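Residue strings, one per chain:
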Amino acid sequence: MSTTEQRVAIVTGGARGIGAATAVRLAAEGRAVAVIDLDEAACKETVESITGAGGRAIGVGADVSDEAQVVAAVARVAEELGAPTILVNNAGVLRDNLLFKMSAADWDTVLNVHLRGAFLMTRAVQKHMVDAKFGRVVNLSSSSALGNRGQANYSAAKAGMQGFTKTLAIELGKFGVTANAVAPGFIVTDMTAATAARVGMGFEEFQAAAAGQIPVQRVGRPEDVANAIAFFTGEAAGFVSGQVLYIAGGPLD
Ligand SMILES: NC(=O)c1ccc[n+]([C@@H]2O[C@H](COP(=O)([O-])OP(=O)(O)OC[C@H]3O[C@@H](n4cnc5c(N)ncnc54)[C@H](O)[C@@H]3O)[C@@H](O)[C@H]2O)c1
């Protein structure tokens, strides 16, 4: 690839947290980055931290679980930045509850954002990857894929992301496209802050309790995940596909 060509990456849920750190990191790797989130205005901070450092980025408002919005968002990215060939399916929500109290609406919301969202986004972007004979898909799984109390919906979605990833790797490999999943443990973001609030703990206390259970004795930061995503989306990772990398400060299986 010549130095005048710049690969275009899409990061969903890029307005904050792991997605924002990933967007900034991929821009530092020389990618043009489309930051997709529910509200375009909420993407401003991430976009400005990229453009302020001399990079190219746009914010796009879209709900990844809405088919028409996804198609329109990907078309806009192709038009304004160029054909996207890197996709990070990061958008996510929690609707935690014990099974007997979990509503069908909360089940559907979580499955729709994570799984349907990743499906719709990947289906919309794959044509650009196939045409370019190059693509990198990274899906956000979670240590909760192994099972987690109060997260029947979320753990099912995050285990589903792993099967989805492996199937993408098998179907798209012959087009130069790799697909991998990262499965973070405890990462300090608004999502884990909300979990602390739900269980009635201060966020500092919640983090300290989590860190005590983690072999490296600290909680994770969004950059810990962004670093791994930078590897999987890199030119050098073309023979690594269908893998799930736990990023949890210790072994999980
Ligand atoms: N924080 C953790 O400890 C942790 C651990 C494992 C996995 N993850 C996963 O990492 C990803 C990012 O998590 P985070 O902690 O940064 O969360 P976060 O809540 O801080 O950010 C999630 C972002 O996704 C966006 N989003 C939600 N629904 C959307 C939709 N339908 N369409 C578009 N955007 C949408 C939100 O607006 C938000 O900006 C999620 O998939 C999450 O499940 C997080």
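Residues numbered from 1 in each chain as written. Predicted model: local features only at pLDDT ≥ 70, side-chain atom pairs only at ≥ 80, totals over all residues. Heavy atoms only, no water.

- Looking up the chain in an unreviewed UniProt entry gives the name 3-oxoacyl-[acyl-carrier protein] reductase, with the organism given as Actinacidiphila yanglinensis.
- According to the UniProt record, the Sequence similarities (unreviewed entry) comment for the chain is "Belongs to the short-chain dehydrogenases/reductases (SDR) family." (UniProt positions renumbered as here; feature names shortened; annotations may be inferred.)

1. So, the overall build of the chain
Next, step 1: Scanning the chain for helices and strands turns up 8 helices and 7 strands.
Next, step 2: Rg of the C-alpha trace for the chain: 17 Å, near the compact-globule value of 18 Å for 253 residues, within the 12% margin.
Next, step 3: Here the C-alpha coordinates of the chain stretch approximately 50 × 35 × 35 Å along the principal axes.
Next, step 4: Looking at the chain residue by residue over its 253 residues, the buried ones come to 48%. (Helix = DSSP H or I, 4+ residues; strand = E, 2+ residues; numbered from the N terminus. Rg over C-alpha atoms; globule rule 2.2 N^0.38 Å. Buried < 20%, exposed > 50% of the residue type's maximum accessible area, 1.4 Å probe, protein only.)

2. Topic: the domain arrangement of the chain
Reports often express the size of an interface as the amount of accessible area lost when the parts come together.
Next, step 1: Examined at the domain level, the chain breaks down into domain 1 (8-185 + 222-246) and domain 2 (188-219).
Next, step 2: Computed over C-alpha atoms only, the centres of domain 1 and domain 2 are separated by 24 Å.
Next, step 3: Of the roughly 640 Å² buried between domain 1 and domain 2 on both sides combined, carbon and sulfur atoms contribute 55%.
Next, step 4: At the boundary of domain 1 and domain 2, one finds 3 residue pairs in polar contact (both at pLDDT 80 or more).
Next, step 5: Among the secondary structure elements, those contributing two or more residues to the side of domain 1 that touches domain 2 are α1 (17-28) and α8 (222-232). (Domains from an automatic or database assignment. Buried area = accessible area lost by both parts, 1.4 Å probe. Polar contact = N/O pair within 3.5 Å; in protein donor to acceptor, adjacent residues only side chain to side chain.)

3. Describing the sheet that holds strand β6 (residues 177-184)
Next, step 1: In space, the 7 strands of this open sheet follow the order β3-β2-β1-β4-β5-β6-β7, with parallel pairing throughout. The open sheet has two free edges, formed respectively by β3 (57-61) and β7 (244-247), since each of these has just one partner strand. The average angle at which neighbouring strand axes cross in this sheet is 20 degrees, direction not considered.
Next, step 2: Judged from the 4 bridges that link them, strand β4 (residues 84-89) and strand β5 (residues 135-140) form a sheet pairing that is parallel. Paired with I86 across the strands is R136, a residue of β5.
Next, step 3: Along the sheet face, α1 touches β1 (8-12), β2 (32-37), β4, β5 and β6 and points at about 170 degrees away from the line of β1. (Pairing = 2+ DSSP bridges. Axes fitted to C-alpha atoms, helices over the stretch in contact; angles between N-to-C directions. Contact = heavy atoms within 4.5 Å.)

4. Digging into the site of the ligand
Next, step 1: Taken together, the neighbourhood of the ligand is formed by 29 residues, with R16, D37, N90, Y154 and T189 sitting nearest.
Next, step 2: Separating a nitrogen atom of the ligand from a backbone N or O atom of V64 is a distance of 3.0 Å.
Next, step 3: Contacts to the ligand include N90, whose backbone N or O atom sits 2.8 Å from an oxygen atom.
Next, step 4: Relative to its unbound accessible surface of 830 Å², the ligand loses 94% to contact with the protein.
Next, step 5: Elements represented by at least two residues in the shell around the ligand include exactly α1, α4 (104-132), α5 (152-172) and α6 (190-198).
Next, step 6: It is α6 that provides the largest number of residues to the shell around the ligand, a total of 3 residues.
Next, step 7: Looking at side-chain class alone, the shell around the ligand contains 14 nonpolar, 10 polar and 5 charged residues.
Next, step 8: Lining the shell around the ligand are residues from two domains, each supplying at least three of them: domain 1 (8-185 + 222-246) and domain 2 (188-219). (Near = heavy atom within 4 Å. Areas by Shrake-Rupley, 256 points an atom, 1.4 Å probe, with all protein chains shown as cover. Nonpolar A, V, L, I, M, F, W, Y, C, P; charged D, E, K, R; others polar.)

5. Observations regarding the packing of aromatic side chains
Next, step 1: Counted by the stated rule, this structure contains 2 aromatic pairs.
Next, step 2: Centre to centre, the rings of F186 and F206 are 5.5 Å apart; their planes meet at 55 degrees, and the pair counts as tilted. Remark: F206 occurs in helix α7 (residues 203-212) and F186 occurs in the loop between β6 and α6; sequence separation between them is 20 residues.
Next, step 3: Judged by centre distance (5.5 Å) and plane angle (55 degrees), the rings of F231 and F232 are tilted.
Next, step 4: With a relative accessible area of 5%, F232 lands in the buried category.
Next, step 5: Over the aromatic face of F134 sits the side chain of R7, whose NZ or CZ is 3.4 Å from the ring centroid. (Phe/Tyr/Trp six-rings, centres within 6.5 Å; stacked < 30°, edge-to-face > 60°. Lys NZ or Arg CZ within 6 Å of the ring centre and 35° of its normal.)

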